[in-house]
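Next come the chains, spelled out residue by residue.
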Amino acid sequence: MKQLGPSFAPFSKQDYLQLENDLPRRIKESIEEKSKEYILNVSDKDYTQYLFNKFKYDPLIIHENSLSYGVPEKTQSNSYFFTITYQYEGTKDLFTIIPPERTISTRGVIAIQLGLRDNIVGFSFTMDKKDPVEFKRLLNQGFKEAFKNVPKVNEFAKNWNEKLSVLINKEFERVKEEYILENEFFREIEVPVNEDTANIFEVPTIEKIEVPVIIEKEGFNAYPTMRKQMYEDVLKVIYNAGKSMERKPSLYKHFDKKSGEFIFKKEEDLRDLFLFLLETRYKGTTATGETFNYSGKTDIILKYSEDGTNLFVAECKNWTGPSDFHGAINQLFDRYLTVRDSKVALVIFVQNKDFNNILEVVKNETPKHNYFKKFLGNRADSSFSNIFTFDDNPGHEVYFEVMLFHFK
């Protein structure tokens, strides 16, 4: 049983209107605390994105299937005191916000306890009878009462995030324009202006992302798997890095003194660029390359640090044709994956000039594979989401992303 923090009444501490009214001031203060030189030299796009990540609310998702409870406490009156916990995704502060049109409980407020770790939430109840039916009734009633306002606070979060970018961009442009006009004025009256742009003004770093794992139960065994939220982030990191590499030939080519020509780097050299980004992004994980898994060595494995369980597996390949594409899938699923792996990717480096044609080939060939179950859609122009299964375990679904990058 995970230790929980002090209990509090859910969705009852911070009024949403007060938060909305206070937001422009908080954004203004965050920008104005930076120096003029910083604002004039930092990347507009990166800094405003940083501010968005700082002030946004990620919607709450309560994972009901992660229910957990230990041996109940026995009170002096011989009643049983149960603490029920769930894993959740989203911004913890949303549990404290009074959303628009909040639903008030008719049977009193059930206390929610936020865990010391952000992804655990729970509630408690007492029962006198040793009655399994009564336990399930109280459990279901408690869940409904505790989290009945989640949809409403998520709607608040959605509206908040939609207007957040507008407010940030407007305030950033206002402050920057003031500094530009001030410098122009100083030049006109021959006041010295600090023109030192040698320093690289870097965007502040958001803390590493907490690993959002969820305990999946299979029989009496429990093991962590990557939540969809984290999987989406991992794929975003890889895709953005790959697209950036496409625009920088120096990252995927090197000068060969022997031939006197620029040649493509090896797959493992390109893989290391992805590894660097992944291993520095998430708390509680380790990212490794060329690691033994099942009966072979795979290119990228993201592991849960607490017990070494795989969270994400990826293989990198050069494009050599449809036959080898199917072979790469076979290699990934038959040699590298176990029944516990559910989030994987195949990253393909394409040196062929006719990149668009190869994208069509991949889209057409993927459904022909024996393990293919469902096409989920295009994540991006050259990133395709699928559901695959295993021959010997068709009930086990694997999220399988195919990404292609064009290296000319």
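In the block above lies the structure referred to throughout.
Draft legend 1. Quick peek at the pattern of salt bridges. As enumerated under the stated definition, the model contains 19 salt bridges in all. With a shortest N-O distance of 2.6 Å, Lys 373 and Glu 397 are connected by a salt bridge. Here Lys 373 is found in strand β19 (residues 372–380), whereas its partner Glu 397 is found in strand β21 (residues 393–406), with 24 residues between them in sequence. Owing to a relative accessible area of 42%, Lys 373 belongs among the partly exposed residues under this scheme. Among the charged side chains, a salt-bridge network with shared partners connects Lys 28, Glu 32, Glu 171, Arg 174 and Glu 178.

Draft legend 2. The nonpolar core, seen in detail. Ranked by size, the top nonpolar core spans 46 residues in total, and within it Tyr 47, Ile 62, Tyr 86, Phe 95, Phe 123 and Phe 147 carry the most contacts. Looking at which element gives the most residues to this core, the answer is helix α5 (residues 150–188), with 10 residues. Membership of the second largest hydrophobic core comes to 30 residues, among which are Leu 235, Val 237, Ile 300 and Leu 311.

Draft legend 3. Representation of the pairing of strand β20 (residues 383–390) within the structure. In terms of residue burial, β20 counts as a mostly covered element, since 8 of its 8 residues are buried. Because side chains alternate across β20, one face comprises the buried residues Ser 383, Ser 385, Ile 387 and Thr 389, and the other comprises Phe 384, Asn 386, Phe 388 and Phe 390, equally buried. With 6 bridges connecting them, β19 and β20 associate as antiparallel partners. Across the sheet, Asn 378 pairs through a bridge with Phe 384, a residue of β20. Linkage of β19 to β20, two consecutive antiparallel strands, is achieved through a turn of 2 residues. As defined by bridge partners, β20 adjoins β21 across 7 bridges and the pair is classed as antiparallel. Across the sheet, the residue bridging to Asn 386 is Phe 400, located in β21. In this structure, the hairpin formed by β20 and β21 is closed by a connection of 2 residues.

Scoring rules and cut-offs
Think of each chain on its own: its residues are numbered from 1, step by step along the sequence as written. With the structure being a predicted model, the display of local features is reserved for residues of pLDDT at least 70 and the display and counting of side-chain atom pairs for 80 or more, all residues being used for whole-chain, interface and lining totals. Hydrogens and waters are ignored; side-chain quantities use all the structure's heavy atoms. The salt bridge definition used is simple: a Lys or Arg side-chain nitrogen within 4 Å of an Asp or Glu carboxyl oxygen. By definition, any uninterrupted DSSP run of H or I lasting at least four residues is a helix, any uninterrupted run of E lasting at least two residues is a strand, and each is numbered from the N terminus. Each residue is placed in one exposure class: buried if its accessible area under a 1.4 Å probe, protein chains only, is under 20% of its type's maximum, exposed if it is over 50%, and partly exposed if it falls in between. Here the nonpolar core consists of buried residues drawn from Ala, Val, Leu, Ile, Met, Phe, Trp, Tyr and Cys, with membership extended through side-chain atoms lying within 4.5 Å. Should DSSP find at least two bridges between two strands, the strands are regarded as paired.

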